[in-house]
Amino acid sequence: MNKLQTQIQYLIIIGIIIVVNLILAGFFVRFDLTKEKRYSLTDLSLETMETLIHPMTVTVYLEGDFPPNVREFQDAIQTTLGEMAQYATADFDFQFVDPNPNPELTKEFQQKGYSPVPIKVRISATETKDQIMWPLARVVYKDTETYIDLIKGSTVMTVRGPNVNFAQAEADLEYTFTSSFRKVIRRQEFVDIYQTGDSLGLRKDLGIVAFLQGHGELPIDSVPELVRELSTNYTLYTFDLQKTASYDISPSIDVLIIMNPTQTFSERDKYEIDQYLIRGGNVLWIMDQEIVDLSLYRNQSTLTELRELNVDDMFFRYGLKVNYDLIQDQNSELTEVLVPGEGGRATFASKRWIFYPMVLDFPQHPISRNVDAVLLRYAASIDTFATPGLTKEVFLKTSPRSRTIQGVQFLDLSEYLSRQLPDQLFNRREGVITGVVAKGIFSSNFQGRTPPTDSLAPNPPKAKFGPQNNPDYQGQMAIISDGSIALGKRFRGRRGYIPYDNKTLILNAIDYLAGDEALTQIRSKQVGVRRINREKAADHAVLLRVLNVGIPVLLIVGFALVRGYLRRKRNAAYQKED
């Protein structure tokens, strides 16, 4: 009878377990005990997956026999996509594929501008083999697709080839996938509108990004790649202050971009920009302080000119100074120049041009996160100084192997390329600042002054003058001291080379200024790598080996002894009852 009761108890327990599992099957719960919450998705990622209305397929081209660090990266990708799949409101499938056996596929990757990453795989204690991997993912969302570079911003070029920081790439995975999914979803929404006329839930709260014109700024059609990316998340338009009826900058504008102005700003224009900041606006200046007419092909010498924009006093009020100088950096880009050859015939040659700084190391800031490299051209230095109410955050600087030359300069291409400048001229503790954000409570540059008027705006401004920001509506102003940074394929001359990652840096700056705090939160997410202390491990090597081998064996033996003891005790009890 007791045996029957025991069997019934076992059946009841099994039944309870089955019922509990059926009840909990409809719930998804995960406890993330890591300090940096590496396995927890942010609200923006959850919101993105909840906006899916069509099936989405992700193909990760990272399958094969890889070393441990790459396998850990594979596991992180699978974990991240698996977590996202739990919150998707439409079918969300992902798979891992090895592209190497498919030459047509790898050729397609190369045509799209992607390159394989060489790696070494250990096949024995003394032998390794060379292999390549394609750390890419392809996202298909109905009629729209895109490719994702999974190690973007985590690769540093060395003399031995690319060196990938997989820990950094893992930390960026959520941002990489979420930002790409948002773009492809937005593009498909526009396709749906065009095909059906139905918005299908299209958000109406897109931010507004405005390009200021009227001071010789770059026209919007000169940066098509940048515009194409921005249009997926923002409403874009251009305006000229002097041609608008109200002659003011609407506070509904999320980010005002002033891109490479070449003409003087009037006091009235400065007043409107100043008051836009005071009302909590966000301004991105992309500017040059000197004119350099040196094409490297025809005009091989030039006398630089100082560009007078009449904004220095306003910047000074905000605790910033864009200097009238040019940065030279030994860590510079190779460029093709026309040099004399044999027989008087000119030929192209690759020369390092120290006025083209190549930025590879970035300050820890959300704007420069996930950026591979940035190429500058005739950039100026920026000084910052303390200002009440404002904080300054540097997001872009050159290498410590750089220096500045002040004021008007005569630049002769052949002279610079024929002589080597002494290394001691380029010794600095830190690089030269070329990108900075001022944020907080701005004090107006027009305090104690009558609001300016001019012939185009003879009447005083309609908006009430504000001496400084309301603490609840703080402004932000970013400056990049290179007016050519956004010029895309025109950036490096007539041969049409594409710049490094300049576009990503500018997009990050606009997202940051627009207050996309959720996207910034993802971008700022850090994953700590807790490495073994090699010195302590070496000091206690024998003990660690004994513990690693002995503890599992002791646990198994101990479990067997306890289990045998309980079994003998139970059998003895049954024998007494019988």
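Residues numbered from 1 in each chain as written. Predicted model: local features only at pLDDT ≥ 70, side-chain atom pairs only at ≥ 80, totals over all residues. Heavy atoms only, no water.

### Considerations on the overall build of the protein
A tally of helices and strands in the protein yields 14 helices and 26 strands. A total of 578 residues make up the protein; the buried ones form 44% of that total. Counted over contacts in the protein with a minimum sequence separation of 6, partners at least 24 positions apart contribute 76%. When the accessible surface of the protein is split by element, carbon and sulfur atoms take 53% of a total near 31,100 Å². (Helix = DSSP H or I, 4+ residues; strand = E, 2+ residues; numbered from the N terminus. Buried < 20%, exposed > 50% of the residue type's maximum accessible area, 1.4 Å probe, protein only. Contact = heavy atoms within 4.5 Å. Areas by Shrake-Rupley, 256 points an atom, 1.4 Å probe, with all protein chains shown as cover.)

### A few points about the confidence of the model for the protein
The predicted model of the protein averages 82 in pLDDT, with 82% of residues at 70 or higher. When mean pLDDT is taken per element in the protein, strand β12 (residues 282-286) scores highest with 97 and helix α12 (residues 517-523) scores lowest with 59. The low-confidence segment residues 198-204, where pLDDT is below 50, has 10 contacts with residues more than four positions distant or belonging to other chains. For residues 490-498, every residue scores under 50 in pLDDT, and the model assigns this stretch 25 contacts once sequence neighbours within four places are set aside. (pLDDT = per-residue confidence, 0-100.)

### Some remarks on the nonpolar core
Counting residues in hydrophobic clusters, the biggest one holds 37 residues, and the most contacted among them are Leu284, Val374, Leu396, Ile485, Leu505 and Ile510. Of all the secondary-structure elements, those providing two or more residues to this core are β9 (207-213), α7 (224-230), β11 (255-259), β12, β22 (390-397), β26 (475-480) and α11 (502-513). It is α11 that contributes the most residues to this core, 7 residues altogether. Ignoring anything within four residues of it in the chain, the contact list for leucine 396 reads Val359, Phe362, Pro363, Val374, Leu376, Val432, Ile433, Thr434, Gly435, Ile480 and Leu505. In this structure, Met84, Ala88, Ala137 and Phe166 belong to the second largest nonpolar core, which totals 36 residues. (Core = buried A, V, L, I, M, F, W, Y, C linked by side-chain atoms within 4.5 Å.)

### Describing the sheet that holds β26
If you walk across this open sheet you meet the 7 strands as β10-β9-β11-β12-β26-β25-β22, and the pairing is mixed. The open sheet has two edge strands, β10 (234-240) and β22, and neither has a second partner. Taken over all neighbouring pairs, the strand axes of this sheet differ in orientation by 20° on average, direction set aside. Sheet strands touched by helix α8 (residues 267-278): β9, β11, β12 and β26. Its angle to β12, the strand with the most contacts, is close to 135°. α11 contacts β9, β10, β11, β12, β22, β25 (433-440) and β26 of the sheet and is inclined by roughly 160° relative to β12. (Pairing = 2+ DSSP bridges. Axes fitted to C-alpha atoms, helices over the stretch in contact; angles between N-to-C directions.)

### Some thoughts on the side chain of threonine 504
One can find threonine 504 in helix α11. Overall, threonine 504 belongs to the buried group, its relative accessible area being 12%. Beyond its immediate stretch of four places on either side in the chain, threonine 504 contacts Lys152, Asn370 and Val371.

### Concerning helix α4 (residues 103-111)
Those residues of α4 that fall on the buried side of the exposure criterion are Leu105, Thr106 and Phe109. When α4 is viewed along its axis, its buried side chains cluster within an angular range of 95° and face the same direction. When the buried face of α4 is taken as reference, the exposed residues oriented beyond 90 degrees from it are Pro103, Glu104 and Gln111. Packed against the buried residues of α4 are β5 (136-141) and β6 (144-149). Phi turns positive one or two residues past the end of α4, at glycine 113, with a value near 95°. (Arc of directions from axis to C-beta.)

### A word on the packing of aromatic side chains
The full count for this structure, using the stated rule, is 18 aromatic pairs. Look at phenylalanine 109 and tyrosine 147: their rings are 5.9 Å apart centre to centre, the planes differ by 80°, and that puts the pair in the edge-to-face class. With phenylalanine 109 in helix α4 and tyrosine 147 in strand β6, the pair connects residues that are 38 residues apart, well separated along the chain. In terms of burial, phenylalanine 109 and tyrosine 147 fall into one category: buried. Summarising the aromatic geometry, the rings of tyrosine 356 and tyrosine 378 are spaced 5.6 Å apart at their centres and angled 75° between planes, so their arrangement reads as edge-to-face. (Phe/Tyr/Trp six-rings, centres within 6.5 Å; stacked < 30°, edge-to-face > 60°.)

### Remarks on the side chain of serine 399
Assignment of secondary structure puts serine 399 in the loop between β22 and β23 (402-406). Engagement of the side chain of serine 399 in a polar contact is seen with the side chain of aspartate 329, the distance being 2.8 Å. Not counting residues within four places of it along the chain, the set of residues in contact with serine 399 comprises Asp329, Asn331 and Gly431. (Polar contact = N/O pair within 3.5 Å; in protein donor to acceptor, adjacent residues only side chain to side chain.)

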